Amino acid sequence: MNSLLKWALILFVLISVILNIVLISVYSGRAPKCSSQHLHPLQGKHDERSQVFADLSRDEYLQVQQYMLKQKDLDISTLQTTKPSQNFLFLIDLSLPKKADVLGYLDGKSSKPVREATAVVFHGTKGHIKEYVVGPLPNPVYHRDVTMEKYKKELPINARILPLIEYVLLFSFVEKEVFSKLVKLKKESFDIGQDNNLKAFYQMPPGVKSGDRKTWISFFRDLSGMYIHPVGFEVLVNHESVNTYDWRVERLLYNGQYFDTVEELKQKYDSGSVKKIVFKESRNYGSLKPQRKPLQLSPQQFYAEGKRFSVKNNHILYLDWSFAFGLSSLTGMRVFDVRFKGERIAYELSVQEAMSVYGSVTAGMILTKFLDSSMGIGRFAHELTRGVDCPYDATYIDTYRYIDMEAPTRYRNSICVFEHNMGQPLRRHFADFFHNSYGGMVNSALVFRTITAIGNYDYIWDFIFYQSGSVEAKVHASGYISSSYLVNGSLQFGHQVAENVLGNIHTHFINFKVDLDVLGVKNVFQTKDMEFVNMSLPWMPEHYAMIPHLTMSAPQEAALCYDKKTPRYLHIASNQTNRWGHQRSYRLQVVSFAGEHLPEKTLHPLVAITKHKDTEQTSSSLYSQNDIWSPAVDFSSFIEDNESIEDEDLVAWVTTGFLHIPHAEDIPNTVTVGNGGGVILRPHNYFDEDPSIQSADSVYISPGSEYSCENNRMACLAQDICSPVFEPFTYNSFEGPKSQRWAQKS
């Protein structure tokens, strides 16, 4: 027995030794884990003064809310069940300080500006809307009505956007006054009974003139991507009154035929004198569920030596760049105090408006113009999905908002920041003649991103910071197209994309605010272009050739419109010169395919240059959507005042966009490829040479140095390789804001 035990122990020891040798061999061949820390020091320091631009914190939102509730004379409610006839605290957002005060503070010449908030109240009891500035924060003790100061007029209550409670009341009204009386039609045409219902989408703006609140509501099947499942039924509701008992149905549209009353439609349907819609089961072609099982993971990006950028509070450092950031509930993404190599390039770069104009033969879309800042662009910035919306290893940032809800709501991972290989060299040259060499540089840039899902459309918003000193503001569109039921005449307004479904033609207009401060706030606007000149040749004067010539001007006209030839080089320039005697400037390079637009006051020229004014903070407003005819912010007044734009603090308002003629490939979803636009801010004689030549990412190879790491880190990549460390995947968006879940249940 002892001998048997002895041999068993020997065998166990041998097996253990062999296993350890195998494990050591396996793991010794594995790359070490990549560092999550900065292996190289940052090129700048975070600036606490950036918090002058910071979005309100959760505590600040609550402080403003509680202060407003204590003002008994305002008689405000914050409940989601607040009726339109009552007073509702709809929005709380940061009130930006005056630019001169902020610059004085940032440049160390004055004290920190007072921190304040804006509170928007729908005063249903009095029939108007008020905006209040509340401060100071934290611990507010005052509020003042700034409505007239900002808009030079009172804001009528019908200019308000629909709060969630009004959606609920409106659709309940239609159920009671329309569908409950059309049981037979509802069942035969749409297969709707007690256990299911249709989904509603309403037209904007609500009517044809200022003061109207008459909305065409279109109905869709309750399927994935409801927006592409129209059923051919629309109802016009007059809800101008804040009292629901005054609301009424004014018209109905069924299968391309109009009716004055529900009773008329019912009588004609029952008598068989209308062309009926016969329900037919169709596949759920709007589903985004994969139609085959994923087999292979797509390429992933990781940081071999730690991230080269840093986020602290609302301040970001990246190589030679630094900037502050925020996310407005109304206008969305914005950055401030943008500096390159320590010099301020821009005071503000921000999204202002996203507008789409539709064409249709059916009532629900024939006059539709969506102005998304009225709905709230930043309001719909939800959680970003790791590895899809942004690279898996991006840095994700939470935001808080207070708009049409009972309390401030946290939106997890709603902003992402990442450094990204843009897929092509920033610059390169291979010398094949005389001096053999290769010089190049990877185009690695910082991307600051959020994505907003506003109804059917998703917009991907990017601010991209390049090592050449350029900044790009860019948008791409995805999501579902808006559609209408196919009737006679529909094909003049789009293409058929599914059975009885028309994808409606529309344009996208995106407006950006570009407040460049080129070496200070005293700048001029310049244009440059090229024209062919029939020029005699110096050595043969009798011979002529068409030669490109540089043309330059300093126009005083503030607006460059779509219907006029626009110079291809647009500059905001300083009066200082570079080493070569040229004015140091930044160029506005607009990437747009928007084409013509309507001559309405809410729309913008391609580029407008105006003198900075604190009273012209935004190009649109919360109220433009529902009073497009008499907008609270009339952008045309920005450029009609004929003020001098020479040696002034200039702001460029840039409109970009594209035409979308929906086609079969927009089912189920519109892809981002080719659907976008933007503006690039490029240094133009601002430097004496390309600043990226100083980047450590530069590569240089000469004969004999092909494998040297001295000027080419790529040569040593195989030796330095490490394996990435990824955070576990999480997704919280389905928790959603309580207010939206409440509305869906209602």
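The name given to the chain in an unreviewed UniProt entry is Amine oxidase, with the source organism recorded as Myripristis murdjan. Note on the chain: under the UniProt heading Sequence similarities (unreviewed entry), the record states "Belongs to the copper/topaquinone oxidase family."

1. Describing the pattern of salt bridges
It is possible for side chains bearing opposite charge to pair when their charged atoms get close. In total, this model carries 41 salt bridges according to the counting rule given. Measuring nitrogen to oxygen at the nearest pair gives 3.8 Å for the salt bridge that ties Glu 263 to Lys 181. Taken together, the residues Glu 263 in helix H7 (residues 262–271) and Lys 181 in the loop between helix H5 (164–177) and helix H6 (183–190) connect sequence positions 82 residues apart. Of the residues examined, Glu 263 reaches a relative accessible area of 47% and is grouped as partly exposed. A salt bridge links Glu 343 to Arg 584, with the nearest nitrogen and oxygen atoms 3.5 Å apart. Separated by 241 residues along the polypeptide, Glu 343 in strand E15 (residues 343–358) and Arg 584 in strand E30 (residues 583–591) bring together distant segments of the chain. Glu 343 gets classed as partly exposed once you look at its relative accessible area, which sits at 32%. Through salt bridges with shared partners, a single network forms among Lys 99, Asp 515, Asp 517 and Asp 649.

2. Focus on the packing of H6 against H7
As a packed pair, H6 and H7 sit with axes 10 Å apart at the nearest point and diverge in direction by 60°. With respect to H7, the element H6 is oriented oblique. Note that H6 runs across H7; the crossing there is left-handed. Judged by residue contacts, Lys 184, Leu 185, Glu 188 and Ser 189 of H6 engage Leu 265, Tyr 269 and Asp 270 from H7. Taken together, the residues of the contact of H6 with H7 sort by class into three nonpolar, one polar and three charged.

3. Digging into the state of the cysteines
In protein chemistry, a disulfide is the covalent bond that joins the sulfur atoms of two cysteines. Following the criterion strictly, the structure yields one disulfide and no others. Between the sulfur atoms of Cys 390 and its disulfide partner Cys 416 the distance amounts to 2.1 Å. In this structure the cystine formed by Cys 390 and Cys 416 twists about its S-S bond by roughly -80°; its chirality is therefore left-handed. You can see Cys 390 sitting in the loop between helix H9 (372–375) and strand E17 (395–403) and its partner Cys 416 sitting in strand E18 (residues 409–431), a full 26 residues away along the chain. When sorted by exposure, Cys 390 lands in the same class as Cys 416, which is buried.

Rules behind the numbers
- Residues numbered from 1 in each chain as written.
- Predicted model: local features only at pLDDT ≥ 70, side-chain atom pairs only at ≥ 80, totals over all residues.
- Heavy atoms only, no water.
- UniProt positions renumbered as here; feature names shortened; annotations may be inferred.
- Salt bridge = Lys/Arg side-chain N within 4 Å of Asp/Glu carboxyl O.
- Helix = DSSP H or I, 4+ residues; strand = E, 2+ residues; numbered from the N terminus.
- Buried < 20%, exposed > 50% of the residue type's maximum accessible area, 1.4 Å probe, protein only.
- Axes fitted to C-alpha atoms, helices over the stretch in contact; angles between N-to-C directions.
- Parallel < 35°, antiparallel > 145°, perpendicular 65-115°, else oblique.
- Left-handed = near helix turned anticlockwise from the far one by under 90°.
- Contact = heavy atoms within 4.5 Å.
- Nonpolar A, V, L, I, M, F, W, Y, C, P; charged D, E, K, R; others polar.
- Disulfide = S-S within 2.5 Å.

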